[in-house]
Amino acid sequence: MANIETLVSEPELATENPVSGIDQSRGDFSYDVKYAFDAGTGLNAATVDYISSVKKEAPWIREFRHKALKIFESKPMPTHWATKDLENIDFSKIRYYLSQGQKPKRTWDEVPDDIKKTFERLGIPEQERKFLAGVEAQFDSEAAYSNIKDIVAKQGVIFVNSTEGLREHPEIFRKFFGKVIPTGDNKFSALNSAVFSGGSFIYVPKGVKVAQPLQAYFRINAENFGQFERTLIIADEGAEVTYMEGCTAPKFSTSTLHSAVVELVALKGAKIQYITVQNWANNVFNLVTKRGVAHEEAEIKWIDCNIGSRLTMKYPGVVLKGRKARGEVISIALANDGQHQDTGAKMIHAADETTSNIVAKSISVGQGRSTYRGVVHIPKHLKGCKNNTECDALLINSNSRTDTYPAISVRGDRNYVQHEASVSRVNEEMIFYMQQRGLTEGQAMSLAVNGFINDLARQFPMEYSVELKRLIDLEMEGSVG
Amino acid sequence: MSAPTLSTARSTIGSFTPELFASHLASVAELPAWWLERKQAAYEKFAALPLPVRTDESWRFSNISTLSLEGFALRLPEKVTEPAFSIPTAAGLTFVNNVAVAVDSVRARFNLPSGVIVCTLGEAAFKHPELLKAHFMAQPQKLGSKKFASLHQAFVRDGAFIYVPRGVELTAPILITHIASGEGSAVFPHTLVIAEENSKVTVVDLFVSADASAQFACGANDLYAGHGAQLTYAGAQVWSRETLSFQFNSTVVRRDARVQSLNLHVGARQARHESLSQLQAPGAFSEMLALTVASLKQEFDQRTLQIHQAPNTKSDLLYKNALRDQAKTIFSGLIIVDADAQKTDAYQSNRNLMLSEDAEANSLPGLEIQANDVRCTHGATSSRIDPEQEFYLQSRGIAKEMADELLTFGFFEEVLSRLESEPLHDALHSVIKAQFSK
């Protein structure tokens, strides 16, 4: 209770004293960065060739990109089920590749000053930066800073960016690259496949349990610049790894596009946990495809939190391919004025005794709109499969909106599926009680919302749940009264 | 226009050609002009609209390829035996191949309170045109079947018109029987019920085939419950197992009115059922119930929409499916709470009892909420029963077939028991039971 004051402090205060928290103005800044490579605006075969040449890619990757471009061009916008807002994306005005032409850095000293300055604005204190030794920060398209590699490299873990992964370790990554999410999966996975750069390629060898979570911060830092990172994580038999990504982005007047593809492969008995805190600026279209394949007795867990962006469409999925595989999606979404969080989960059961769990909580503030969309699929002749889905929506204001669109298909009599959803508002008595105790209505509302997601937020690593709490406090400011 | 385009266009209308429509119009030439005009407009709409395609969200999971409209015809009524559905009734009408049979002799047996009207739509067109115009297919088609609803409106020849005046309560149900007879017979059943202020009525629609041939049924009903009215509707769909069936339910619930509807589905090869409930004024309550026994390769495709258009309204939906053999069910439900419909209490639940390893259940329980002071929940489950209960049944030496039947009745009772009328409960029970002896 004592720290309520600091939690709802003014943005300026936070900037003056970065130690008190993450940048409270949510990345509302940008620096004039000189880009060494720039593919210009618009997308055609030449753009793809340009990206491929800059990256000095093998012919098969160039071919992969060109094929993807054709698929992207041939696919219509999915507006027969998705929001018409997608039609506002002008693909010809987007920059598809930017890079400072740097090699990924190994030590903090090698990170350029202007990037350090950006971190400072993000509110990560100097001491903490050193402490957060595992931060892989992607500055626009390329990884700019990374040193956890040294630690995990000793365990045989490969932790590189997508360009390096495909160039240096094709024998490991090529086999799975584009296999979990085929290029033609959807229009935006095709787009990513054509122009991807950056992202993390990780391989964890058999039996290796990575103690530290691997982290990456992503930001968009150029007007109209789409970021198309590509991540592939392979956990070999019995391996365990946690990966975290979080992002803040500068605000710009014209819309930007972020379209990532993240593929996870958990081989027999492996465990992968993938954590996202998404806080793009309110002009960003965030259209992301995330899917994992869980082999026998493997476990994939997506923890997905969406607070920023104009429109997010993201449905992390798990294909439960091996017997007794487990899949889980924990999803938190917060939609404020002008935002549409269209999130959810997909669970594709493909083997006996596989289990999946989806817990989704959304909060709609002001005219914000949150949507849950889910797929649970249990095909023929499987037995002992179980799915549990819970979606809860909290509506703060009288004009807030929420939708729920699950699709559940079950075949056979030896499986068990249940889905429950509820929609409610904040309990007035609770708010009244807290006001009696001296909290303002805004603070009380903030506490109530944090309470609503508390059981999910607890599953985040500490610094993320702190950041999440602060972000929610910020979003709740001015939502009442 | 080139020939291939023409043939494609024809396939979207199937047997329901302009020639067939012209002959139908000729056969109903005595109807008032306004109705004939509406028919003409509806036919044009039907012909212009495309058949559903795979990417239509409102047809997700449905088998589109089996919706062919070829091979059907309008047949003259034949002499058929009335199906057994033993409930005491206040009144009843029977239609065979769209034509009302023996109306006058049946009417002589009615013993209705004064002001209550039970007649054919054709009769109502002359005697009660204003009521008919105001309520006949007056509600929007929002669930994906504009084309087939237009087909219904174009070809509907007759149906039941029920009007219960202010304050009148009928204790016994009114039974409307729709019979399809003969190979390829196309029927367009229609039942319209107007329950005025504080009235009370129960209406039962029974849909049966006189033989096992492949038929086409495309029916609709309009239910209107005025201020404080209590309307109970039950529909029992027992078409032949070869029939392609469409049925469109529309319910309007006014202030403090209460509508309970229960649809039982056991017949047809492929049955699409769309049900729209509009809660238009405070205190309105709509209870939407459905029971389906899906056997062999049957497909039951149920789409529902609960729209809360006013504050303090309530809806409660419970759809239960028992799936056997290679049967497939689809439940797609949506609750819409309009921006000013505060204090809405809406519930939606789909339960699937899986009785076979080849059966397939699809659930799409949806919500679209634009008001914040609401209580909305939905749920869906698909499973066989608790293995312990099953073990108990087996340990008592009960064979699987028998166990399935017992389980189904146990599963369905929660819905059946919500019916106030015991004879109706028992009659529906018998229809379900007959499915297990087949």
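Cut-off values and rules
Residues numbered from 1 in each chain as written. Chains lettered and ligands numbered in written order. Predicted model: local features only at pLDDT ≥ 70, side-chain atom pairs only at ≥ 80, totals over all residues. Buried ≥ 20, exposed ≤ 12 C-beta atoms within 10 Å, placed from the backbone. Helix = DSSP H or I, 4+ residues; strand = E, 2+ residues; numbered from the N terminus. Pairing = 2+ DSSP bridges. Contact = placed C-beta atoms within 7 Å. Nonpolar A, V, L, I, M, F, W, Y, C, P; charged D, E, K, R; others polar.

Moving on to the pairing of strand β5 (residues 174-180) of chain B. The side chains of a regular strand alternate, first on one face of the sheet and then on the other. All names here are of chain B. Among the 7 residues in β5, 7 count as buried, and that is most of the element. Covered by surrounding structure in β5 are I174, I176, H178 and A180 together with L175, T177 and I179, the residues of both alternating faces. Where strand β1 (residues 91-96) meets β5, 6 bridges bridge the pair, whose relative direction is parallel. Bridge pairing in β5 links V96 to I179. By the bridge criterion, 7 bridges tie β5 to strand β8 (residues 200-209) in an arrangement that is parallel. The residue bridging I176 from the neighbouring strand is D205, located in β8.

This next bit is on the interface of chain B and chain A. At the junction of the two partners, chain B supplies 36 residues and chain A supplies 35 residues. Broken down by secondary-structure element, the contributors of at least two residues to the side of chain B that touches chain A are β19 (360-369) and β20 (375-383) of chain B. For the side of chain B that touches chain A, the leading source of residues is β19 of chain B, giving 10 residues. A class-by-class count of the residues in the side of chain B that touches chain A yields 14 nonpolar, 13 polar and 9 charged. Note: strand β22 (residues 401-411) of chain A against β19 of chain B, 7 bridges, orientation antiparallel. Residue pairing for β19 of chain B: T404 of chain A is matched across the bridge by L367 of chain B.

Residue and element names in this part refer to chain B. Topologically, A346 is positioned in strand β18 (residues 345-354). The spatial distance from the C-alpha of A346 to the C-alpha of F285 is 9.6 Å, given a sequence separation of 61 residues. Among residues more than four places away in sequence, those in contact with A346 are Q306, H308, S315, I335, V337 and C376.

All names here are of chain A. Strand β13 (residues 284-294) sits mainly inside the fold: 11 of its 11 residues count as buried. In β13, alternate side chains face the same way, and those of V284, N286, V288, K290, G292 and A294 on one face and F285, L287, T289, R291 and V293 on the other are all buried. Sheet analysis places strand β11 (residues 261-266) next to β13, joined by 6 bridges and oriented parallel. The partner of E263 across the bridge, within β13, is R291. Where β13 lies against strand β15 (residues 311-314), 4 bridges are found, and the strand directions are parallel.

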